[in-house]
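Residue-level structure breakdown
Residues per chain, in single letters:
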Amino acid sequence: TMVDKGNYRHFMQKEIFEQPTVVAQALGRYLDPNAGTVCLPETPFDLANIPRITLIACGTSYYAAEVARYWIEQLARIPVDVDIASEFRYREPVYTEGGLAIFISQSGETADTLAALRHAKAAGQHIAALVNMPGSTMAREADVVLPIHAGPEIGVASTKAFTCQLAVLASLAVKLASAKGEINSNEEAGYVKELNHIPALMAEVLHHDEALQGIARSISTARDILFVGRGIHYPIAMEGALKLKEISYIHAEGYAAGELKHGPIALIDEHVPVIGIAPEDSLFDKTLSNLQEIMARQGKVVMFSDSETKQEGMFAQLKMPSAGFLSSAILYAIPVQLLAYYAAVEKGTDVDQPRNLAKSVTVE
Ligand code: G6P
């Protein structure tokens, strides 16, 4: 299929702005909003009886797995392991009989992920492939395919595939929880409603485009940038750092906000911007105090939060909409994508074809 950039300067920019549409499309395949239920493809195993789930992926897809762990464990109370595909086989994993291994891959062809899939399959695990390419090798070899319906993704740095992966994984978590009886039908309907509202909130976040362009301009000369978050937003911090590295070539790391004091805070001075992913949830006060420690050391703090309170000494604050447990991480993915995008544009790099990277990596 021929895909063009339309009015956008880069495919990545187009794909970022397409997210409300494609996430709605993906959710449309998994949710029945009238019945208030999640509908999955038929599985050859019982969803109510999964003793353990292993999520395996590379790159951005791996961060989707890290986010999904919080949803599945908290809603369905099933223990979840998350592994980087290139490491998985070599730790000689102890499989649980009847366990479900879910392989997350935009392309469905990544060599490391495919090798891990075959390892888990040979060990008798149930295999699910959460892919964007329904005809891919992983889709063919899996027991069940969960397509993410993002449409073709051209930019090497993954954006819309990430949020569609998250939308499908959140739906899956709700389904597992209801199959197991951890949530009742009213609660399921409540989650379905929350999921359905995500595209509208994403569109709202995209209106911050210009503000993020301004912030990106002022941090694009930095040599190092830290992204910090807690809980389910910690993987979003890691994804933000990955996006920035991939396309702007600025060194960035994602850290659990509470872990800063155990090392990385030694890096902080007036030259190191820190991006805080800090929704006003139960962890907000702790994250805020971590950010204040950075400001006390002259770090340039940018906070993404739904908190209205103006924080003294902060370099910039971006006002996000308030969101629930299933929507929040998906929404905070957008400002980190736009920040990386505009930092790269500012630096004049080849946004859609960053140096040394490939869209799909078919070597181990
Ligand atoms: C490559 C791409 C990344 C992607 C990763 C995993 O490194 O550059 O954007 O996240 O592969 O790809 P997959 O197709 O398995 O999701």
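Rules used throughout
- Residues numbered from 1 in each chain as written.
- Predicted model: local features only at pLDDT ≥ 70, side-chain atom pairs only at ≥ 80, totals over all residues.
- Near = placed C-beta within 6 Å.
- Helix = DSSP H or I, 4+ residues; strand = E, 2+ residues; numbered from the N terminus.
- Nonpolar A, V, L, I, M, F, W, Y, C, P; charged D, E, K, R; others polar.
- Pairing = 2+ DSSP bridges.
- Axes fitted to C-alpha atoms, helices over the stretch in contact; angles between N-to-C directions.
- Contact = placed C-beta atoms within 7 Å.
- Expected span 1.5 Å × (residues − 1).
- Buried ≥ 20, exposed ≤ 12 C-beta atoms within 10 Å, placed from the backbone.
- Parallel < 35°, antiparallel > 145°, perpendicular 65-115°, else oblique.
- Left-handed = near helix turned anticlockwise from the far one by under 90°.

Let us now look at the site of the ligand. Taken together, the neighbourhood of the ligand is formed by 16 residues, with G59, T60, S105, S107 and T110 sitting nearest. Sorting elements by how many residues they give to the shell around the ligand places helix α3 (residues 59–76) first, with three residues. A breakdown of the residues in the shell around the ligand according to their chemical character gives five nonpolar, 10 polar and one charged.

Bringing the sheet that holds strand β7 (residues 144–147) into the picture now. If you walk across this open sheet you meet the five strands as β4-β3-β5-β6-β7, and the pairing is parallel. Edge positions in the open sheet fall to β4 (80–84) and β7, since each of these has one partner strand only. Across this sheet, the average inter-strand angle for adjacent strands is 20°, counted without regard to direction. Bridge count between strand β3 (residues 53–57) and strand β5 (residues 100–105): four bridges; the pairing is parallel. Bridged to T54 within β5 is A101. The sheet strands contacting α3 are β3, β4 and β5, and the helix crosses β3 at an angle near 160°. Strands β3, β5 and β6 (126–131) of the sheet are contacted by helix α5 (residues 111–122), whose axis makes an angle of about 165° with β5.

Attention now goes to helix α7 (residues 160–179). Taking 1.5 Å of rise per residue, 20 residues should cover 28 Å, and α7 covers 29 Å from first to last C-alpha, within 8% of that figure. Burial within α7 is extensive, with 19 of its 20 residues counted as buried. A positive backbone phi angle near 80° is found at G181, which sits one or two residues after α7.

Running from amino to carboxyl end, helix α8 (residues 185–206) crosses helix α12 (residues 328–347) at an angle of 25°, the nearest separation of the two axes being 10 Å. Between α8 and α12, the interaxial angle falls into the category roughly parallel. As for how α8 packs across α12, the hand of that crossing is right-handed. Between α8 and α12, the contacting residues are I198, L201, M202, V205 and L206 on the first element and I330, L331, I334 and P335 on the second.

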